[in-house]
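Chain and residue survey
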Amino acid sequence: MKVLVIGSGGREHALAWALAQDPEVEQVVAAPGNPGIAVLRPAYDGQTIVCRPVDISDHDAVVALARELDVDLVVVGPEAPLVAGLADPLRDAGFAVFGPSREAAQIEGSKAFAKDVMAAASVPTGRAYVCTTPEEAATAIDAFGPPYVVKDDGLAAGKGVVVTSDREEALAHAAECDQVLIEEFLDGPEVSLFAITDGTTVLPMQPAQDFKRLGDNDEGPNTGGMGAYTPLPWAPDDLVADITENVLQPTIDELRHRGTPFSGLLYAGLALTSRGVRVIEFNCRFGDPETQALLPMLKTPLGGLLYAAATGKLTDHGDLSWRNASSVAVVVAAKKYPASPRKGDAITGVEQAESDDVRVFHAGTALDDEELVTAGGRVLAVSAVGKDLAEARQRAYAAVGQIRIKGSQHRTDIALKAERGEITV
C-alpha cells in the first residue's frame, strides 16, 4: 500500500512514523512534510519514506500529486484543509481518503454546528449561548458568571478559547470573534478520546490527557497543547465504553442521518464533571500532541486500520490492540510562544535524544543550509514509552534535557499528578 499523508506538523510526523511500522505499507509520502519525516528510516526492507512539496490549500494540486503517485490511501492530517473540503475532490477522483467531508468536518469548523448535532443526538454537553454582538456576549457572560468560558465559533488552531474569571478579558475575547459561544464552566479532569470511524462503525482508541496551558500548574495562556500522556490510571474502567455509547456512536449516527456521514477520526474533548461526562468540543482529526503519545502505544497496524475506515469496512477490522505500557509526550516550544514565537534558532541534540523508547517528532522545524532551526511555535514533541508513567516521564524529560534551543520553553509537570495518584473522578 502507498499512503499520502497531508500536512507538515508533529501529528503528521507521528502518523508517517506509525504508518512506516505497518508491513503492509511500502511507501509513505508526506506532503509537504517536515525535516523529521524526511530523515525517517524505513521500518522494513524495500520501504520508502519521502516528502513532496505541495500547497495543501490548493485542492487541484493535491489531487494531481495523489494521481502522480498513484496512492492507495490519502490521510489528511490538519483541520484547516478538512474544514475547507479537501477530502471531497480526492474522493471524487477515486481515492480512499481518511478524513471527513467538508460538511461533516463542520463538527470542528463550527462550535455552534457541533452543539446542534449534540442536542439532536442527546449527547451530554455544557449549556451555551451563541452570540454575534457584544451586547449578546455580555448578557450571556453575566448569565453564567465566573469562571467565564468564551469560544471562537470557528477554527483557531487550538487557541480560540479563553477561560478566565476576569470579565473584561472575557468580553475582549468575545469582541475579537465574528461569532462566539459563551458556555458554562465544566469542572473535573479533562480527557481526550479519539475514535476511528467509517461513518457507521466506531472504534475508540485508548484515552489520553493533554495540557493546554503554557506553564506548570496550568498557568499562563492557552496553547495548542504542551504535552500529553496515555493511558489514564485514574480513569474509571468503563470510561471508554460509556463515552462510546453515549457520545461517539450517537454523534456518528446523527451525522449519518443528516446525510453527512463522518468518516475519519472523531476527537472528543471531554470533562468528567461531578454530574457525569460532558463534551467540551469535537475535532475532526487526530489531536496534537495526543497523537504523539498514543501512536507509539498502538500495536494494531495503522495503515490497514485507516484504510478500513476510508473504505467503509471497519466492521470487519476488530478491536484495537495496545502495548501494556505508558507514554508521555512533552512539547518543546519556541521562545515567546504562543504570542510571537521566534523563528530561525538552531536546534541541536535531537539525534542524541532518540532511542528505542524515545521518539522526537518535529512540529515547527526547518532546514537552513542543512542546519535544523525553529520554524513555528511548538517546535518538537518528545515522546517516551515506559513500563509506567514514572518511567515514561523520566525518559521523556531526560531526552528533553539533551535538546538545545535558545530560549525554548516546556512544562515540567506533564503527567506528574497522574503519576502521583493525585487525580480523582
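Basis of the calculations
Residues numbered from 1 in each chain as written. Predicted model: local features only at pLDDT ≥ 70, side-chain atom pairs only at ≥ 80, totals over all residues. Heavy atoms only, no water. Buried < 20%, exposed > 50% of the residue type's maximum accessible area, 1.4 Å probe, protein only. Helix = DSSP H or I, 4+ residues; strand = E, 2+ residues; numbered from the N terminus. Arc of directions from axis to C-beta. Contact = heavy atoms within 4.5 Å. Polar contact = N/O pair within 3.5 Å; in protein donor to acceptor, adjacent residues only side chain to side chain. Domains from an automatic or database assignment. Phe/Tyr/Trp six-rings, centres within 6.5 Å; stacked < 30°, edge-to-face > 60°. Pairing = 2+ DSSP bridges. Axes fitted to C-alpha atoms, helices over the stretch in contact; angles between N-to-C directions. Core = buried A, V, L, I, M, F, W, Y, C linked by side-chain atoms within 4.5 Å. Salt bridge = Lys/Arg side-chain N within 4 Å of Asp/Glu carboxyl O.

1. Some words on helix α3 (residues 59-69)
Buried residues of α3: His59, Val62, Val63, Leu65, Ala66 and Leu69, and no others. Taken around the axis of α3, the buried residues stretch over an arc of 160 degrees, which confines them to a single face. With respect to the buried face of α3, the exposed residues turned more than 90 degrees away are Asp60, Arg67 and Glu68. On the buried face of α3, the contacting elements are β1 (2-7), β2 (27-32), β4 (73-76) and α5 (87-92). Sitting at the amino-terminal end of α3 is Asp58, which places a side-chain oxygen 3.2 Å from the backbone nitrogen of Asp60. Where α3 ends, the next residue or the one after it, Asp70, has phi of about 55 degrees, a positive value.

2. Details of helix α7 (residues 111-121)
Turning to α7, its buried residues number three or more, namely Lys111, Ala112, Ala114, Lys115, Val117, Met118 and Ala121. Elements that come into contact with the buried residues of α7 comprise α6 (106-109), β6 (128-131), β7 (148-152), β9 (180-183), α10 (239-257) and β17 (276-283).

3. Considering the domain arrangement of the protein chain
What the domain assignment lists for the protein chain is domain 1 (2-99), domain 2 (129-183), domain 3 (188-316) and domain 4 (326-419). For domain 1 versus domain 2, the distance between C-alpha centres works out to 36 Å.

4. Points about the packing of aromatic side chains
The final tally for this structure, using the stated rule, is 6 aromatic pairs. With 5.4 Å between their ring centres and 50 degrees between their planes, Tyr129 and Phe144 make a pair best called tilted. With a gap of 15 residues between them, Tyr129 in strand β6 and Phe144 in helix α8 (residues 134-144) connect regions that are remote in the sequence. Residue Tyr129 is classed as partly exposed on the basis of its relative accessible area, which comes to 40%. Among the residues examined, Phe144 registers a relative accessible area of 19% and is labelled buried. Summarising the aromatic geometry, the rings of Phe194 and Phe286 are spaced 6.2 Å apart at their centres and angled 80 degrees between planes, so their arrangement reads as edge-to-face. Placement of Phe194 in strand β10 (residues 190-197) and of Phe286 in the loop between β17 and α11 (290-294) is noted, with a sequence separation of 92 residues between them. There is no split in this pair, since Phe194 and Phe286 are both buried. Of the aromatic side chains, those joined through ring pairs into one cluster are Phe98, Phe194, Tyr267 and Phe286.

5. What about the sheet that holds β6?
Strand order across the open sheet formed by 4 strands is β6-β9-β7-β8, with antiparallel pairing between neighbours. A single partner strand is all that each edge strand has here, and the edge strands are β6 and β8 (161-164). Strand-to-strand twist in this sheet, taken as the mean axis angle between neighbours without regard to direction, amounts to 20 degrees. Bridging between β7 and β9 involves 4 bridges; their strand directions are antiparallel. Directly across from Val150, in β9, lies its bridge partner Ile182. Across the sheet, α8 touches β6, β7 and β9, and the angle it forms with β6 is around 165 degrees. Against the sheet, helix α9 (residues 167-175) makes contact with β7, β8 and β9, and its axis sits at roughly 15 degrees relative to β7, the strand it touches most.

6. Some words on the sheet that holds β4
Taken in spatial order, the 5 strands make up an open sheet running β3-β2-β1-β4-β5, and their pairing is parallel. The sheet is open, and its two edges are formed by β3 (48-51) and β5 (96-98), each paired on a single side. Neighbouring strand axes in the sheet, compared pairwise and without regard to direction, differ in orientation by 20 degrees on average. By the bridge criterion, 4 bridges tie β1 to β4 in an arrangement that is parallel. By the bridge assignment for β4, Leu4 is matched with Val74. Running at roughly 170 degrees to β1, helix α1 (residues 10-19) makes contact with β1, β2 and β4 of the sheet.

7. Some details on the nonpolar core
Leu4, Val74, Leu90, Tyr229, Trp234, Val328 and Leu380 are the most contacted members of the largest nonpolar core, which totals 78 residues. When neighbours within four sequence positions are excluded, Trp234 is seen to be in contact with Pro189, Glu190, Val191, Gln209, Tyr229, Leu272, Ala418, Ile423 and Val425. Counting residues in hydrophobic clusters, the runner-up holds 50 residues, among them Ile196, Met226, Leu302 and Tyr337.

8. Quick notes on the pattern of salt bridges
Throughout the structure, instances matching the rule amount to 24 salt bridges. For Arg285, the salt bridge identified is with Glu79, shortest N-O distance 3.3 Å. With Arg285 in the loop between β17 and α11 and Glu79 in helix α4 (residues 79-83), the pair connects residues that are 206 residues apart, well separated along the chain. Residue class for Arg285 comes out buried when judged on its relative accessible area of 10%. With a shortest N-O distance of 3.3 Å, Glu183 and Lys151 are connected by a salt bridge. Linking Glu183 in strand β9 with Lys151 in strand β7, this pair joins segments that are 32 residues apart in sequence. Comparing Glu183 with Lys151 shows no difference in burial state: the two are buried.

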